[in-house]
Amino acid sequence: MTPTPPLFLLLLGLIGAHASIDVRTAAAMAAGLCKTRPTDLVFIVDSSRSVRPSEFEQVKVFLAKVIEGLDVGPNATRVGVVNYASRVKNEVSLKTHRTKAGLIKAVTKIEPLSTGTMTGLAIQFALNVAFSEGEGARVKSPDISKVAIIVTDGRPQDNVKDIALRARDAGIEIFAIGVGRVDMSTLKQMASDPLDDHVDYVESYSVIEKLTKKFQEAFCACSNAATDVVFLIDGSKSVRPENFELVKKWINQIIDKLDVSDSKAHVGLVQYSSSVKQEFPLGRYNNKKDLKDAVKKMAYMERGTMTGQALRYLLDNSFNPGHGARPGVAKVGIVFTDGRSQDYIGDAAKKAKENGFKMYAVGVGNAVEDELKEIASEPTADHYFYTADFKAMTQIAKKLQINICQDEDPCECDSLVKFQKKVEDALQALTKKLESMSKRIALLENKIV
C-alpha cells in the first residue's frame, strides 16, 4: 500500500497555484534533502613526541569540526579514531558513538601518547581491527564508503608503502595530511589516487583547521544526485597528441569525483573538430571503470575548431532522450577547448543556458576567455576556467565542483525545516486570499439577491 503523503505535500499544487511558491522547487526540496554519504570513517592520528600538547589540541579541534559536518548515525556515517605513536590505541570504535555529541566529547578526551612514529603499524591496526565488523564496520558494499584520514607530522619509523597498498586494495580510501617537516614522499605512498585530491600539506598545526571545509565537502552527497553530464572535447589539430592524452586523464579525474551509477550520475562524451563525433551517449556505461576505459580509447580527430557546431549537437542530440538523457534530471555540459572557435557560438551557448543546462567552459593555451565566459553559466566566475598550460589542468579538475544540490549547501541538513517554513508562510498567504475571496463571493451573492 502506498503511504499517505504528509499534508504539506498534498497541498503543494494548491499552494503553487495561489501563493507564488514554485511547486517543482518545493517538491525537489522535500524529495532530495542533502546529506552526507554513508561512510565508515576512521581518523588515524599521530601523537608522537614531536607533536606538542597544544598542537595535539588543534588536531582534536580539526577532528571535531569535520565530525560536526557529517550525518552521523548507524545507517549514515560511523566514526572511529585511532591514536598512534610507537604503539597504537583504539580511542573510538566505529560502533561506540552514534551521535555527534558523544563522538565530539570522546575526541576531546584523547591524550597524546608522546613516543615514536609507527605509521605503518597504525595503518595495519586500522585494516585489521578498526575497519573490522567486530568494531562496527559494515559489510563491504558499493553503497558504503570506507575512508581513513591520516594526520602526521614526521617521517615514520616503519614501512608504510606495502601496508597502505593492502589497505587501498581492501577498498579503503586513504587521505594523508602532512604537517610541518613531514616527509612528503611518505604521504604519497599512503594516499589513494588521484594524489592531488588525497594528499594535503599544512605548514603548522595552527592552520590545520583550514582543511575542515574540504573534508566536510568530501563526504557530502545528495539523495537526489541524479545528473546527466556530457563532455564536449576539442580534438582540433592545435591540441597535439601528447596534450590530448592529458585531456583524457583530466576527464577521468572529473569522473572520479562523480557518483556514477544507474540511478545517479550518467556521463556522455562528444569530441569535435571540424565535425562532431559522439564517442558514447549518456547511460551506456554506468560504472567508473567502464567509463574511464572508454575515455582512454577515444581517438584524436585533429582538424579545425567548430565549437558552435558542437554546442548545437549538445542541444539537439546529447541531452535528448533518444541519446540516453533522462527526463527531469539535471543536465551539465563541460566544454573544453584550446583555441578560438571557427564558427559562431553565441546562439547555441545562450540557448543551452535558457534550456536550464549548467554549462562549464574550460580553456587552455590559445582559448579565448570571452568565448569561455559566453559559454559558461552564471555566476561566470564559478563556471569558466582557463590555464596557459595543459599540464596545469589537474588544478582545474580540483576546482571544478559539479554541485548537484543546486541552490543548497550540500552539507546543510535543515532543508526540511526551511521547506516546511516556506509551506507554512504560503499557507498563511493562501488563507488570507481565500478569506478575501469568500468576502467578495458573499458580496456578489447579496447583490444577486
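So, a few notes on the structure that sits alongside this text. Only a predicted model underlies this, so the values are computations on that prediction, with no experimental measurement involved. (Residues numbered from 1 in each chain as written. Predicted model: local features only at pLDDT ≥ 70, side-chain atom pairs only at ≥ 80, totals over all residues. Heavy atoms only, no water.)

### Some remarks on the sheet that holds strand 2 (residues 39-46)
Read from one edge to the other, the open sheet built from six strands follows the order 4-3-2-5-6-7, with strand pairing classed as mixed. Of all strands in the sheet, those with a lone pairing partner are strand 4 (88-92) and strand 7 (199-202), marking the two edges. Adjacent strand axes in the sheet meet at a mean angle of 20°, parallel and antiparallel pairs treated alike. In this sheet, strand 4 lies alongside strand 3 (residues 77-84) in antiparallel orientation, the contact comprising four bridges. Its bridge partner lying in strand 4, valine 82 is registered against asparagine 90. (Pairing = 2+ DSSP bridges. Helix = DSSP H or I, 4+ residues; strand = E, 2+ residues; numbered from the N terminus. Axes fitted to C-alpha atoms, helices over the stretch in contact; angles between N-to-C directions.)

### A short note on a negative patch on the surface
A grouping of Asp347, Glu369, Asp370 and Glu374 is seen on the molecular surface, where their side chains present a negatively charged patch. Counting residues per element, the negative patch draws most heavily on helix 15 (residues 369-375), at three residues. By the secondary structure assignment, glutamate 374 is in helix 15. (Patch = residues over 30% accessible without salt bridge, like charges linked within 9 Å, V, L, I, M, F, W, Y side chains within 5 Å. Areas by Shrake-Rupley, 256 points an atom, 1.4 Å probe, with all protein chains shown as cover. Salt bridge = Lys/Arg side-chain N within 4 Å of Asp/Glu carboxyl O. Lys, Arg positive; Asp, Glu negative; His and termini not counted. Charge placed at Lys NZ, Arg CZ, Asp CG, Glu CD.)

### Topic: the environment of alanine 348
Take alanine 348: it is sitting in helix 14 (residues 346-354). For alanine 348, a relative accessible area of 6% corresponds to the buried category. Linking alanine 348 and leucine 311, residues 37 residues apart in sequence, is a C-alpha distance of 5.8 Å. Other than its neighbours up to four places away in sequence, alanine 348 contacts Gly308, Leu311, Arg312 and Leu315. (Buried < 20%, exposed > 50% of the residue type's maximum accessible area, 1.4 Å probe, protein only. Contact = heavy atoms within 4.5 Å.)

### Quick word on the packing of aromatic side chains
For any two aromatic rings, the description comes down to two numbers: the centre-to-centre distance and the angle of the planes. The tally for this structure, following the rule as stated, stands at five aromatic pairs. With centroids separated by 4.9 Å and ring planes inclined at 25°, the aromatic side chains of phenylalanine 244 and tyrosine 300 adopt a geometry described as stacked. Remark: tyrosine 300 occurs in the loop between helix 12 (288-296) and helix 13 (307-318) and phenylalanine 244 occurs in helix 11 (residues 241-257); sequence separation between them is 56 residues. Summarising the burial analysis for this pair, phenylalanine 244 and tyrosine 300 share the class buried. Through a chain of ring-to-ring contacts, the aromatic side chains of Phe231, Trp250 and Phe336 assemble into a single cluster. (Phe/Tyr/Trp six-rings, centres within 6.5 Å; stacked < 30°, edge-to-face > 60°.)

### Section: helix 7 (residues 161-169)
Buried within helix 7 we find Ile163, Ala164 and Ala167. Projected down its long axis, helix 7 carries its buried residues within an arc of 100°, all on one side. Across helix 7 from its buried face, at more than 90 degrees, point the exposed residues Lys161 and Asp169. Contacts made by the buried residues of helix 7 are with helix 6 (119-130), strand 6 (172-179) and helix 8 (184-190). (Arc of directions from axis to C-beta.)

### Overview of the pairing of strand 9 (residues 227-234)
Two faces, one strand: in a regular strand the side chains alternate between the faces of the sheet. Burial analysis of strand 9 places eight of its eight residues in the buried class, which makes it a mostly covered element. Side chains Thr227, Val229, Phe231 and Ile233 project from strand 9 onto one buried face, and the interleaved Asp228, Val230, Leu232 and Asp234 project onto a second face that is buried too. Pairing geometry for strand 9 and strand 10 (residues 265-272), over eight bridges, is parallel. Considered in strand 10, the bridge of aspartate 228 is made with histidine 266. Since strand 9 and strand 10 lie parallel, the crossover through helix 11 that links them has a hand, and here it is right-handed. Here strand 9 pairs with strand 12 (residues 330-337) via seven bridges, running parallel. Note that in strand 12 the partner of aspartate 228 across the bridge is lysine 331. (Right-handed = clockwise from strand over helix to strand, strands pointing away.)

### Description of the nonpolar core
Proteins that are soluble and globular tend to have nonpolar side chains buried together. Membership of the largest hydrophobic core comes to 32 residues, with the highest contact counts inside it found for Phe43, Phe62 and Ile149. At the level of elements, strand 2, helix 4 (53-68), strand 3, helix 5 (100-108), strand 5 (145-152) and strand 6 are the ones that each hand at least two residues to this core. Counting residues per element, this core draws most heavily on helix 4, at seven residues. Core analysis: the second largest hydrophobic core is formed by 30 residues, Val267, Phe280, Tyr300 and Val362 among them. (Core = buried A, V, L, I, M, F, W, Y, C linked by side-chain atoms within 4.5 Å.)

### Re the sheet that holds strand 13 (residues 358-364)
What links the strands of a sheet is backbone hydrogen bonding, and the strands pair in either a parallel or an antiparallel sense. If you walk across this open sheet you meet the six strands as 11-10-9-12-13-14, and the pairing is mixed. Looking at which strands have only one partner, the edges of the open sheet turn out to be strand 11 (276-280) and strand 14 (384-387). Strand-to-strand twist across the sheet, computed as the mean angle between neighbouring axes with direction ignored, equals 15°. Docked against the sheet, helix 13 engages strand 9, strand 10, strand 11, strand 12 and strand 13, running at close to 155° with respect to strand 9.

Read these as geometric descriptors, not functional statements.
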